[in-house]
Amino acid sequence: MQAPQLPTSQVEQPKESRFSPYQNNGGTCLALAGADFCIIAADSRLSLGYSILSRNTPKVAQLTTKTCIASSGCNADMVTLQKYLKFKIQMYLHQHGKEMSTPAVAQMLATTLYHRRFFPYYTFNIVGGLDQNGEGCVFSYDAIGCFERLKYTVSGSGHALIEPFLDNLVAYKNTDNKPTIERSCDETLELVKDIFSSAGERDIYTGDFVDIYIIDKNGTRYEQFPLKKD
Amino acid sequence: MKTKPVAEPSTRTQQPIVTGTGVLGIKYNGGVMLACDTLGSYGSLARFRTVKRLEKVGDFTVVGASGDLSDFQKISSMLREMSTSDSAYDDGCNMTPRDIHQYLGRVMYNRRNKFDPLWNELVVAGFRDGKPFLGAVDLIGTMYEDDIIATSFGNYVCLPLMRKAGTNLSKEEAKQVMENCLRVLYYRNTKSSTKIQIATVSAEGVEIGEPFEISTYWGYSAFQHTEYHGKRL
């Protein structure tokens with residue numbers, strides 16, 4: 001049977017601006033894991049098109065004493081997702097009398113994202129912290145919940161700028177300069193600052209400040225690092 | 001003539017009808033100030049000349065709105081209902097400006113999830129426990145706090161002027177900045193008017209001023225069209 005013909009109008013339809021439920025507010029997230037520490041960082045610029053809506057809107061949230069999340073993309077989805085995760089983690093604490101481990105938080109985030117498979121949270125997340133053995137760990141995600149445990153990762157608007165440098169400077173890919181000693185926490189922190197300063201030069205959606213969380217066996221330390229405001 | 005098929009009937013997705021433009025918010029020494037004009041535009045028609053777009057919520061907060069004015073009236077009635085029940089509990093516990101900002105953010109996000117948005121950009125200003133609050137919410141549910149906020153066209157025209165002025169201002173200076181920003185906005189934004197309203201929130205409480213006219217000056221050489229006049233005056 002043939003499908004019924006839709007009636008057609010004689011006049012051209014006026015252009016209609018349709019409502020879009022998504023906005024790209026930009027931003028870059030970065031996490032690096034060491035043997036016994038983890039550094040997780042994101043810039044604090046909130047952009048919309050060529051405008052800067054705010055210079056000081058954090059993208060990193062501390063979820064437990066040894067887990068942090070950083071999210072870029074759509075601010076509305078980011079706020080909602082982080083609020084939801086904090087709520088679930090608090091309920092876990094009440095029900096089980098202990099904190100959720102970082103790999104457990106990572107799995108929960110994946111499940112949460114996939115629940116919205118057909119109306120996704122438009123966020124690019126990174127989870128960083130220490131695992132049950134006190135080892136630094138980083139989890140990288142796509143917007144619909146595919147995830148992977150890694151040693152380092154970057155996501156958001158500065159992704160394409162930073163990733164190849166991390167491949168070279170952290171994983172020592174495409175080089176013969178393989179050092180025998182691992183980078184210390186302080187050296188890694190300097191690397192993170194340099195990376196964000198450089199990304200801020202080329203990516204208009206990265207700038208203003210970097211919120212850095214340094215997680216080690218002593219707990220979590222916060223540091224704010226200024227970037228160029230242009 | 002080639003014809004296009006009729007678009008699917010739309011039942012929920014809407015467009016703003018009667019709209020208000022830019023709302024400005026700035027922190028100053030000892031308080032927060034909101035300012036906007038009082039024009040309700042119907043497309044490019046200046047339809048309603050005195051529409052108040054600043055709403056007091058509770059004892060410490062003012063909400064200002066740009067975008068669809070009927071949606072703002074709906075939001076206002078929701079906020080009024082909420083603050084009535086809040087005070088009816090009589091438990092000495094009131095919603096803070098930040099609470100109201102978060103509430104509005106959830107409402108807006110919830111409506112966008114239903115593809116039935118409340119077509120507004122809202123600015124929340126408040127003063128509680130000696131601390132000023134200034135936050136913004138939009139129709140998607142984007143939420144942020146800052147010292148300086150401007151919505152819609154004001155984001156392009158007024159925000160740079162406000163950043164230049166800074167936040168180390170007295171109340172009188174802040175008022176001058178706001179008036180000047182709305183004047184400059186009126187020069188370039190076809191949907192602005194010269195009838196404006198200013199609200200302040202400080203330790204003394206909420207004060208929403210009555211609408212008043214601001215002056216304009218059109219004698220600047222940059223406003224002279226040489227192509228029409230032959231030469232600059």
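Thresholds applied
Residues numbered from 1 in each chain as written. Chains lettered and ligands numbered in written order. Predicted model: local features only at pLDDT ≥ 70, side-chain atom pairs only at ≥ 80, totals over all residues. Heavy atoms only, no water. 1 Å grid on protein atoms, 1.4 Å probe; cavity = no way out; pocket = protein on both sides within 12 Å on 5 of 7 lines; lining within 4 Å. Points joined across faces, edges and corners; volume = space filled by probe spheres on them. Helix = DSSP H or I, 4+ residues; strand = E, 2+ residues; numbered from the N terminus. Axes fitted to C-alpha atoms, helices over the stretch in contact; angles between N-to-C directions. Parallel < 35°, antiparallel > 145°, perpendicular 65-115°, else oblique. Left-handed = near helix turned anticlockwise from the far one by under 90°. Contact = heavy atoms within 4.5 Å. Nonpolar A, V, L, I, M, F, W, Y, C, P; charged D, E, K, R; others polar. Core = buried A, V, L, I, M, F, W, Y, C linked by side-chain atoms within 4.5 Å. Buried < 20%, exposed > 50% of the residue type's maximum accessible area, 1.4 Å probe, protein only. Pairing = 2+ DSSP bridges.

Peer 1: Can you tell me about empty space enclosed by the protein, naming the residues and giving the values?
Peer 2: All names here are of chain A. With the rule as written, the count across this model stands at one cavity of 30 Å³ or more. As a volume, the largest cavity reaches approximately 60 Å³. In terms of lining residues, the largest cavity is bounded by Asn25, Gly26, Arg45, Leu46, Thr57, Lys59, Ser71, Ser72, Gly73, Cys74, Asn75 and Met78. Sorting the residues of the lining of the largest cavity by element identifies strand 6 (67-73) and helix 1 (75-96) as the ones contributing at least two each.

Peer 1: Explain the packing of helix 1 (residues 69-88) of chain B against helix 2 (residues 97-113) of chain B residue by residue, including any values.
Peer 2: All names here are of chain B. At a closest axis distance of 12 Å, the pairing of helix 1 and helix 2 adopts a crossing angle of 130 degrees. The angle between helix 1 and helix 2 falls in the class oblique. The interaxial crossing formed by helix 1 with helix 2 has right-handed handedness. Taking contact as the criterion, the partners of Ile75, Met78, Leu79 and Met82 in helix 1 are, on helix 2, Ile100, Tyr103, Leu104, Val107 and Met108. The residue inventory of the contact of helix 1 with helix 2, partitioned by class, reads nine nonpolar, no polar and no charged.

Peer 1: Could you give me a rundown of the nonpolar core, with the residues and numbers involved?
Peer 2: All names here are of chain A. Among the nonpolar cores identified, the biggest contains 25 residues, and Ile69, Leu85, Leu109 and Tyr141 are the most heavily contacted of them. Those elements that provide at least two residues to this core are strand 5 (60-64), helix 1, helix 2 (102-115) and strand 8 (136-141). With six residues, helix 2 is the largest single contributor of residues to this core. Leaving out residues up to four positions away in the same chain, Ile69 has contacts with Ile40, Lys59, Val60, Ala61, Leu63, Gln82, Leu85, Leu109, Asn125, Ile126 and Val127.

Peer 1: Got a sec to walk through the packing of helix 1 of chain A against helix 2 of chain B? Specific residues and values, please.
Peer 2: Look at helix 1 of chain A against helix 2 of chain B: their axes get within 11 Å of each other, and the N-to-C directions meet at 110 degrees. Taken together, the axes of helix 1 of chain A and helix 2 of chain B lie roughly perpendicular to each other. Taken together, the residues of helix 2 of chain B that come into contact with helix 1 of chain A (itself represented by A:Ala76, A:Asp77, A:Val79, A:Thr80 and A:Lys83) are B:Gln102, B:Arg106, B:Tyr109 and B:Arg112. Of the residues contributing to the contact of helix 1 of chain A with helix 2 of chain B, the split by class is three nonpolar, two polar and four charged.

Peer 1: Can you lay out the sheet that holds strand 6 of chain A for me, pointing to particular residues and giving the numbers?
Peer 2: Strand pairing in a sheet relies on backbone hydrogen bonds. The paired strands run either parallel or antiparallel. Residues and elements named next belong to chain A. Pairing within the open sheet is antiparallel, and its five strands lie in the order 5-6-7-8-9. One side of each edge strand has no neighbouring strand; the edge strands of this open sheet are strand 5 and strand 9 (147-150). Averaged over all adjacent pairs, the angle separating strand axes in this sheet is 20 degrees, with direction ignored. Of the pairings in the sheet, the one linking strand 5 to strand 6 comprises four bridges and is antiparallel in character. Looking at the pairing, Gln62 lines up with Cys68 of strand 6. Packed onto the sheet, helix 1 meets strand 5, strand 6 and strand 7 (123-130) and runs at close to 15 degrees relative to strand 5. Helix-sheet contacts for helix 2 involve strand 5, strand 6, strand 7, strand 8 and strand 9, and the interaxial angle to strand 8 is about 5 degrees.

Peer 1: Account for the sheet that holds strand 11 (residues 209-216) of chain A, naming residues and giving values.
Peer 2: Residue and element names in this part refer to chain A. Reading across the sheet, the five strands line up as 10-1-2-11-12 and stay open at both edges, with antiparallel pairing between neighbours. What marks the edges here is a single partner per strand, and that holds for strand 10 (152-156) and strand 12 (219-226). Adjacent strand axes in the sheet meet at a mean angle of 15 degrees, parallel and antiparallel pairs treated alike. Pairing of strand 1 (residues 28-33) with strand 2 (residues 37-43), which is carried by five bridges, proceeds in the antiparallel orientation. Within strand 2, the residue paired with Cys29 across the bridge is Ala42. Here helix 3 (residues 159-169) sits on the sheet and contacts strand 1 and strand 10; the angle it forms with strand 10, its principal contact strand, is near 170 degrees.

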